[in-house]
Amino acid sequence: HTHTHTHTHTHTCVPCECTVSLGPRTVVHPKARIIAEAGPIIIGEGNLIEEQALIINSYPENIMPDSEGVEPKTMTIGVNNVFEVGCVSQALKIGDNNVIESKADVGRNVILTSGCIIGACCQVNTCEVIPENTVIYGSGCMRRVQTERPQPQTLQLDFLMKILPNYHHLKKTVKGNSTPARS
Amino acid sequence: MASLLQPDRVLYLVRGEKKIRAPLSQLYFCRYCSELRSLECVSHEVDSHYCPSCLENMPSAEAKLKKNRCANCFDCPCCMHTLSTRATNIPAPLPDDPTKTAMKKAYYLACGFCRWTSRDVGMADKSVGTFNVVDRTSIKAGCNYCDFSVILCVKEKYGLGTRLQRQRPGAPVSALYGLSLKEGEEQKEVSIEPAQALDEVEPLPEDCYTRPINLPEVTTLRQRLLQPDFQPAGASQLHPKHKHLLMKRSLRCRKCEHNLSKPEFNPTSIKFKIQLVAVSYIPEVRIMSIPNLRHMKESQVLLTLTNPVESITHVSLFTCEEGDPDDINSTAKVMVPAKELVLAGKDAAAEYDELAEPQDFQDDPDVVAFRKSNKIGFFIKVIPQQEEGDVTVAFKIRHDFRNLAAPIRPSEDGETPSEVIWLVHHVELSLGPLIA
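This is a predicted model, so every value here is computed, not measured. (Residues numbered from 1 in each chain as written. Chains lettered and ligands numbered in written order. Predicted model: local features only at pLDDT ≥ 70, side-chain atom pairs only at ≥ 80, totals over all residues. Heavy atoms only, no water.)

K.L.:
Any chance you could explain the interface of chain B and chain A here in plain terms?
P.N.:
Contacts between chain B and chain A engage 12 residues on the former and 12 residues on the latter. Carbon and sulfur atoms supply 51% of the area that chain B and chain A bury against each other, a total of about 980 Å² over both sides. It is Phe113, Arg115 and Asp120 of chain B that lose the most area in chain B upon contact with chain A, and together they represent 49% of the buried surface on that side. Where chain B meets chain A, there are one salt bridge. Arginine 115 of chain B serves as the salt-bridge partner of glutamate 101 of chain A, at 2.5 Å between the closest nitrogen and oxygen. (Contact = heavy atoms within 4.5 Å. Buried area = accessible area lost by both parts, 1.4 Å probe. Salt bridge = Lys/Arg side-chain N within 4 Å of Asp/Glu carboxyl O.)

Laid out in structure tokens, this is it:
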């Protein structure tokens, strides 16, 4: 079952399916924003999206929303990822078991494979595929490869799934996910 | 504007061996000599050693024995952060019955910042929580002995280095003369041959140009040099080191040998037993607001003066005379108020005392802008003399100082009047750039 507290924006001028779908056992904290502006977002299972995190599938900077020939690109996020408090993720493809730490900024042209850790406050705006098990840390965005991948946060997810309904109102989601749910 | 309150906008001159200009918050005041002192004109003495992460105190002799390193804490060799011990449960065979497996705790070191773990280097997990990094320095380590730092580490290990390092410059080095041996240990001969110049050098490996570089494996210079005895070029050989100890120091005036600053011995306490800092004795000038400064136009700058002592202080300001040797940085003419300014004493209970009569000082509104308990705001007039660059002004402050140190002679009335001396300080303000 999924707990959702999401915005979905649909632009009426450009006909496209801009929806967000979340897999089972994904926990989205209140005040997180998942905005599917230029295309749908598909999020896998077991993900943890913390407060004030922003996952946005936005238009690239130099393209106006009304211009033709703009195809909606799907943003896919794999399983067991952690988006910590206040991070911004625009990456179109995120694999499994990644951790984007607090206030990190991941650009649109970055592709995270699996086991990557983007450290706190690191901005990654390059156009590249980050190899597996890479850790980006420090103010100079130093990199190193770690030998273990970060463990899935099963304990945390179970705890949150029990505790969050006690403290927040939850809207019932309509099956099909095509109607926008304003919160 | 918060940038006007930055400490380096107002500098006080210290007349020591060197003339130093520093903000008042970084200066000390020797009340026996009645002079300002900076960090460069005091002597620093080590009080105690402590580890910054486990806050363990260590006497100096023990610290020297452990090479100023903590026994319990480690530094990440990758990012120099403090390592933390983590535990995992691994299935391990029971000692009595090899067929059954039970969950045992295995401990390893991990860094929370760069995610380095002790398993990266091949250090085995321990079943006990304490780690001991094995000292791998050995004469037969196969490293290049031409490297002086390697030589030093080897000699330190065998206790031969310390005597050598204390040789007086110019005196001949007598290598093993007069060393005290530990009981039961033989004197190990460390013979290091001097480097010899060779014509033929080892050729580079053949795939030097074609082999792809594995960048994550290459260590940075900082990571390499933090381990001077090995200086590994590969990241898989970076072993953690014990954490370096920090020390608490006390400061002593060089002229009168009195202590200016003496911290408490306990590493968890930030208080001081003796704290003769300048901000608690000397009135502090701060910039409050600056108008637009124009070349050769007179502008009024608002400054504040705060009185740190509990008695009333009289402050008068003077401009620097022509040809003043202290006045080297000023780029503008300044006119300071001619009258003496009176500052009320600092009264800690003033905000609670509702019945207190407001003190009547009869301030000239042209000079004093406002008055608030022990602080006044006053105007100075500035005429920038140069067309470009930052505007800097300098003037002298003369204030009275009551010396509360014990009087040498008891007075005849039975009361002890504190002596009043007048101190003069040279103050420089940096008022920022000119507006064209």
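The rest of the description comes next.
K.L.:
Help me understand the sheet that holds strand β6 (residues 57–58) of chain B in this model?
P.N.:
Sheet strands pair by backbone hydrogen bonding; their relative direction is either parallel or antiparallel. Residues and elements named next belong to chain B. If you trace the five strands from one edge of the open sheet to the other, you get β6-β5-β11-β12-β13, paired in antiparallel fashion. Bordering the open sheet on either side are β6 and β13 (272–275), each of which pairs with just one other strand. Here strand β12 (residues 259–263) pairs with β13 via three bridges, running antiparallel. The residue of β13 that forms the bridge with proline 263 is phenylalanine 272. (Pairing = 2+ DSSP bridges. Helix = DSSP H or I, 4+ residues; strand = E, 2+ residues; numbered from the N terminus.)

K.L.:
Would you take a moment to explain the packing of aromatic side chains for this structure?
P.N.:
Aromatic ring pairs: the centre-centre distance and the angle between the two ring planes describe each pair. As enumerated under the stated definition, the model contains four aromatic pairs over all chains in all. An angle of 75 degrees between the planes, with centres 5.9 Å apart, marks the rings of tyrosine 137 of chain A and phenylalanine 113 of chain B as edge-to-face. Of this pair, tyrosine 137 of chain A sits in strand β17 (residues 134–137) while phenylalanine 113 of chain B sits in the loop between β9 (101–111) and α2 (148–157), which puts the two residues in different chains. On the accessibility criterion, tyrosine 137 of chain A (4% relative accessible area) is buried. Ring-pair connections join several aromatic residues into one group, and the members of that group are Phe29, Tyr281 and Phe401 of chain B. (Phe/Tyr/Trp six-rings, centres within 6.5 Å; stacked < 30°, edge-to-face > 60°. Buried < 20%, exposed > 50% of the residue type's maximum accessible area, 1.4 Å probe, protein only.)

K.L.:
Explanation requested: the sheet that holds strand β18 (residues 341–343) of chain B in the structure shown.
P.N.:
Residues and elements named next belong to chain B. Strand order in the open sheet made by the six strands is β2-β1-β22-β21-β16-β18, with antiparallel pairing throughout. Each edge of the open sheet is held by one strand with a lone partner, namely β2 (19–22) and β18. Across the sheet, the mean angle separating the axes of adjacent strands is 30 degrees when strand polarity is ignored. Pairing of strand β1 (residues 10–15) with β2, which is carried by four bridges, proceeds in the antiparallel orientation. Counted as the bridge partner of valine 14 is isoleucine 20 from β2. (Axes fitted to C-alpha atoms, helices over the stretch in contact; angles between N-to-C directions.)

K.L.:
Which parts of the structure should I look at to understand the layout of surface pockets?
P.N.:
Over the atoms rolls a probe the size of a water molecule, and in doing so it shows where empty space is left. Its boundaries defined by the atoms lining it, the second largest pocket holds a volume of some 560 Å³. Counting residues per element, the ones that place at least two in the lining of the second largest pocket are α1 (154–167) of chain A together with β8 (83–93) and β9 of chain B. For the lining of the second largest pocket, the residue count by class is 12 nonpolar, eight polar and eight charged. (1 Å grid on protein atoms, 1.4 Å probe; cavity = no way out; pocket = protein on both sides within 12 Å on 5 of 7 lines; lining within 4 Å. Points joined across faces, edges and corners; volume = space filled by probe spheres on them. Nonpolar A, V, L, I, M, F, W, Y, C, P; charged D, E, K, R; others polar.)

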